[in-house]
Amino acid sequence: MTTSSFPARRGVLKAGIAGALSVPVLASAQSTFNWKMTSAYPKGSPFYMDGPGSATDLAKRIREMSGGKLNIQVFGAGELIPAFEGFDAVRAGTVEMNHANSYFWTGKTFAAQYFTAVPFGLNFQGVNGWLYDGGGIELWNEVYAPFGMVAMPCGNTGVQMTGWFKKEIKTVADLKGLKMRIPGLAGKVYASLGVDVKVLPGGEIFPALERGVIDAAEFVGPFQDRRLGLHKAAKNYYTTGWHESATVSELLINKAAWAKLPKELQAIVENAAAACNVISEGWCQKHNSEAMEDLIKNQGVIARPLPDAVIAALRTETTKVLAEAVAKDAMTKKVHDSYMAFKAKYDRWSEVSEEAYHLKVRG
Ligand code: CA
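Predicted model only: the values in this text are computed from it and were never measured.

### What to know about the pattern of salt bridges
Here is step 1: This model, assessed by the stated rule, comprises 14 salt bridges.
Here is step 2: One salt bridge connects Glu-218 with Arg-181, and the closest N-O pair in it is separated by 3.6 Å. Here Arg-181 lies in strand β6 (residues 179–181) and Glu-218 lies in the loop between β8 (216–217) and α9 (222–228), a separation of 37 residues in the sequence. Of the two residues examined, Glu-218 and Arg-181, each falls in the buried class.

### Let's talk about the coordination of the calcium ion
Here is step 1: Gln-160 (OE1), Glu-218 (OE), Glu-218 (OE), Phe-219 (O) and Glu-244 (OE) make up the full set of protein donors to the calcium ion, lying at 2.2 to 3.1 Å.
Here is step 2: Along the chain, the residues donating to the calcium ion fall in the pattern Q-x57-E-F-x24-E. Of the two residues, Phe-219 is situated in the loop between β8 and α9 and Glu-244 in the loop between β9 (236–238) and β10 (248–254); the sequence distance between them amounts to 25 residues.
Here is step 3: Residue classification places Glu-244 among the buried positions, given a relative accessible area of 5%.

### Focus on helix α12 (residues 308–328)
Here is step 1: In this model, α12 (21 residues) spans 31 Å end to end at C-alpha, consistent with the 30 Å of a helix rising 1.5 Å per residue.
Here is step 2: What α12 keeps buried is the set Val-310, Ile-311, Ala-313, Leu-314, Glu-317, Thr-318, Val-321, Leu-322, Ala-325 and Val-326.

### Digging into the packing of aromatic side chains
Here is step 1: Applying the stated criterion across every chain, the model contains 20 aromatic pairs.
Here is step 2: Consider the rings of Phe-47 and Trp-283, whose centres lie 6.4 Å apart with planes at 35 degrees: the pair is tilted. Within this pair, whereas Phe-47 is found in the loop between β1 (33–39) and α3 (55–65), its partner Trp-283 is found in helix α11 (residues 263–298), the two being separated by 236 residues in sequence.
Here is step 3: Take Phe-47: its relative accessible area is 3%, and that puts it in the buried class.
Here is step 4: Ring centres 5.6 Å apart and planes at 45 degrees place the aromatic pair Phe-87 and Trp-105 in the tilted group. Note that Phe-87 is positioned in helix α4 (residues 86–92) and Trp-105 in the loop between β3 (97–100) and α5 (124–133), a separation of 18 residues in sequence.
Here is step 5: Accessibility expressed as a relative area gives 0% for Phe-87, which makes it buried.
Here is step 6: Take Trp-105: its relative accessible area is 1%, and that puts it in the buried class.
Here is step 7: Here the aromatic residues Tyr-41, Phe-47, Tyr-48, Phe-84, Phe-87, Tyr-103, Phe-104, Trp-105, Tyr-144, Phe-147, Phe-223 and Trp-283 are joined through ring pairs into a cluster of three or more.

### Overview of the sheet that holds strand β5 (residues 163–165)
Two pairing modes exist for strands in a sheet, parallel and antiparallel, and in both the strands are linked by backbone hydrogen bonds.
Here is step 1: Reading across the sheet, the 6 strands line up as β7-β6-β8-β5-β9-β11 and stay open at both edges, with mixed pairing between neighbours. Where the open sheet ends on each side, the last strands, each with one partner, are β7 (196–198) and β11 (302–304).
Here is step 2: Alignment of β5 against β8, held across 2 bridges, turns out to be antiparallel. Looking across to β8, one finds that Phe-165 is bridged to Ala-216.

Cut-off values and rules
Residues numbered from 1 in each chain as written. Predicted model: local features only at pLDDT ≥ 70, side-chain atom pairs only at ≥ 80, totals over all residues. Heavy atoms only, no water. Salt bridge = Lys/Arg side-chain N within 4 Å of Asp/Glu carboxyl O. Helix = DSSP H or I, 4+ residues; strand = E, 2+ residues; numbered from the N terminus. Buried < 20%, exposed > 50% of the residue type's maximum accessible area, 1.4 Å probe, protein only. Donors = N, O, S within 2.8 Å, 3.2 Å for Na, K, Ca; no water. Expected span 1.5 Å × (residues − 1). Phe/Tyr/Trp six-rings, centres within 6.5 Å; stacked < 30°, edge-to-face > 60°. Pairing = 2+ DSSP bridges.

The following block contains the structure:
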């Protein structure tokens, strides 16, 4: 037995030597990449960090599709860097990727706002049309080129909710002096209508609302808001998500690191991110429909849209705030014009397709 199997083992050894000789040729194709990805959201956050289409799911899909050639270690907010330092960390190359929303970076470049959400903007279907096929992703990369980064969509919450109000909002005047947690561009719009805008991290919203430090708060949607317990602190839940009609999650990548990836690994990242974009939005639809039913049936929540006059006032102020931003920065104008031109066409198409179906056919 020993003697008869020996020649075969020698054969294996020979093949091994031959393989070793060809290592320089195969090296680039066989390299393993170990990357780090940070998030603006804490470890365990549903949708962002855990569950289908989340940051950890994205890393898992990339690892599996690449057969372990691209391994991405995922860090929640505060584990490696603070929540909102992803932009600087990816730019410096401290980490290769960050998973968050581009509107956190409007202080670096205002145009980043358009790749997350614009008040009165596109819905999930529309924003995907603009991003994937309407020049959106190309513009996103143009905006980040001076920073040495590339980006792509990797998730979406769908339409968010206007938020939780202790008192009913009947007129625009009811907004005056109201203390509300609302970040970003929407906060600017509310401020111009007299709202006293407060910016609080997710974890501080519930205690502030419960104690009356704030009178109103916006977070995400039924599932995420219920998880924070916001329905226990206020009962008026306004549904019309004028401020975030389809909030895009961003996969931000260091451009030099990206350039080092072989084409097939780049394709895997792009396809995994696109899969997570759809899968995460699907997850939101399921969980939000269940949570909304529970909030209304079992938690005494009154869900309704904002009055038309309030929506009209918010729309007017949004137009003014965006016009000011466009006047200040040429890149913002370029992105704004592309987004709005796409939206004008999409809105006309949507009227006779999706909206017509919902209003006239679905029942
Ligand atoms: Ca939000």
